Amino acid sequence: MDARRPHVAQGGSILNAVSKSQVDQLGERIRKNGITEADLQLLDFYRRSFARAYDHVVTTIRNDLGFEPTGRPTKSTTSIADKLARESLRLSQMQDIAGCRIVVADIIEQDALVDRLTEVFETKSLFDRRESSSHGYRAVHVVVRHMDMPIEIQIRTAFQHLWAELSEKLSDLVEPAVKYGGGPEALVEFLLSASERGRLLESFERRLDQRKDWENQREEIADLAKLIEQTKRELADLLQDMIGKAHLWKRV
Amino acid sequence: MLFLIQYDRGAGRIVKIQRFDDGQQDQADSVRLGLEMDLVRHRQKDEVVLLEAATEEALRKTHRRYFEDLTTLATG
């Protein structure tokens with residue numbers, strides 16, 4: 001038996017050994033009081049129960065799709081505690097306890113990979129945050145269910161990934177609320193502005209891809225190529241501007 | 001490969017990184033839990049995360065925030 005899930009029955013979940021209400025009570029204690037050593041052990045037991053489902057999803061992505069995701073077999077304690085403090089959801093409802101991330105070059109590749117993922121995995125939910133972002137965060141998340149355990153697959157383009165990493169880093173350095181639309185006004189404005197330009201850039205790239213073989217649309221293709229270059233320059237300027245101001249926002 | 005990262009969020013840098021082979025998942029999990037227990041005892045709030053990637057280079061691309069400062073992230 002795999003030592004990572006010693007108390008979980010074959011084909012079952014943590015709920016075979018610990019009830020859903022016990023998991024949710026654990027979440028409530030973490031939300032109200034922070035983490036204790038005893039609760040950390042119980043939380044770890046719960047997190048490890050996702051291992052079999054996680055292994056299945058990551059192996060399927062590797063073997064069937066030929067992608068090499070970066071996996072996070074268990075969500076960190078700090079991320080779980082932060083999420084519980086921030087949102088009203090119960091611990092047993094958290095869908096990203098285990099997951100993985102794939103970064104692709106652009107939105108064309110992203111569309112293709114999302115299509116493949118939804119073909120390969122039978123039970124899944126799709127969260128497409130590319131047109132309607134979450135405080136600027138844009139990506140596609142596919143939550144696969146295996147053995148009744150949710151496993152989150154994050155699919156990001158290179159730009160979406162850059163934005164997300166910047167948002168996370170600024171949250172680290174300035175304040176955690178930055179990731180969720182809080183923090184200094186100028187910083188919020190930068191993140192939203194960069195995200196919107198990224199959305200525009202990717203919409204131009206998609207339109208260009210749809211027209212690349214159309215001989216009678218050369219003028220529109222040239223216009224789109226110009227718009228893409230212009231948007232990239234605007235993004236580069238925004239990033240430079242942010243770097244120049246970052247010292248004003250940092251806690252350290 | 002498995003990478004156990006202890007990250008100081010406020011400072012924006014890695015405190016410690018430990019590497020494990022693919023077959024050492026159990027060991028990596030145990031070390032992670034021990035580290036987290038230690039941090040709880042000492043009331044430290046560092047982030048501890050165990051990540052799995054084909055190579056460290058791949059990890060550094062998908063989780064740049066842990067490895068790069070703000071300027072490198074924005075310009076690299």
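It should be noted that the structure appears before, not after, this text.
Overview of the structure. (Residues numbered from 1 in each chain as written. Chains lettered and ligands numbered in written order. Predicted model: local features only at pLDDT ≥ 70, side-chain atom pairs only at ≥ 80, totals over all residues. Heavy atoms only, no water.)

Further remarks concern the pattern of salt bridges. Enumeration over the complete set of coordinates arrives at 38 salt bridges over all chains. When salt bridges that share partners are traced, they join Asp82, Glu168, Asp172 and Lys179 of chain A together with Arg9, Glu47 and Arg65 of chain B into one network. (Salt bridge = Lys/Arg side-chain N within 4 Å of Asp/Glu carboxyl O.)

This next bit is on the packing of helix α5 (residues 107-120) of chain A against helix α7 (residues 185-211) of chain A. Residues and elements named next belong to chain A. At a minimum axis separation of 9 Å, α5 and α7 run at an interaxial angle of 80°. In this view, α5 runs roughly perpendicular relative to α7, as classed from their interaxial angle. Contacts between α5 and α7 involve Ile107, Ile108 and Asp111 from the first element and Glu202, Glu205, Arg206 and Asp209 from the second. (Axes fitted to C-alpha atoms, helices over the stretch in contact; angles between N-to-C directions. Helix = DSSP H or I, 4+ residues; strand = E, 2+ residues; numbered from the N terminus. Parallel < 35°, antiparallel > 145°, perpendicular 65-115°, else oblique. Contact = heavy atoms within 4.5 Å.)

As a further point, take the interface of chain A and chain B. At the interface, 45 residues of chain A touch 39 residues of chain B. Both faces combined, the contact of chain A with chain B buries some 3400 Å², and carbon together with sulfur accounts for 56% of it. Considering only the surface of chain A that becomes buried against chain B, Glu37, Thr70 and Lys169 of chain A emerge as the three largest contributors, covering 18% of it. Viewed at the interface, chain B and chain A are joined by 7 salt bridges. With its nearest N and O atoms 3.1 Å apart, the salt bridge here joins Arg41 of chain B to Glu37 of chain A. Between the two partners, chain A and chain B, sit 20 residue pairs in polar contact (both at pLDDT 80 or more). (Buried area = accessible area lost by both parts, 1.4 Å probe. Polar contact = N/O pair within 3.5 Å; in protein donor to acceptor, adjacent residues only side chain to side chain.)

Bringing the pairing of strand β2 (residues 13-20) of chain B into the picture now. Residues and elements named next belong to chain B. When strand β1 (residues 2-8) meets β2, the two strands line up antiparallel, connected through 7 bridges. From the neighbouring strand, Tyr7 faces β2, where its bridge partner is Ile14. Adjacent in sequence and paired antiparallel, β1 and β2 are bridged by 4 residues, among which Gly12 carries a positive phi angle near 70°. (Pairing = 2+ DSSP bridges.)

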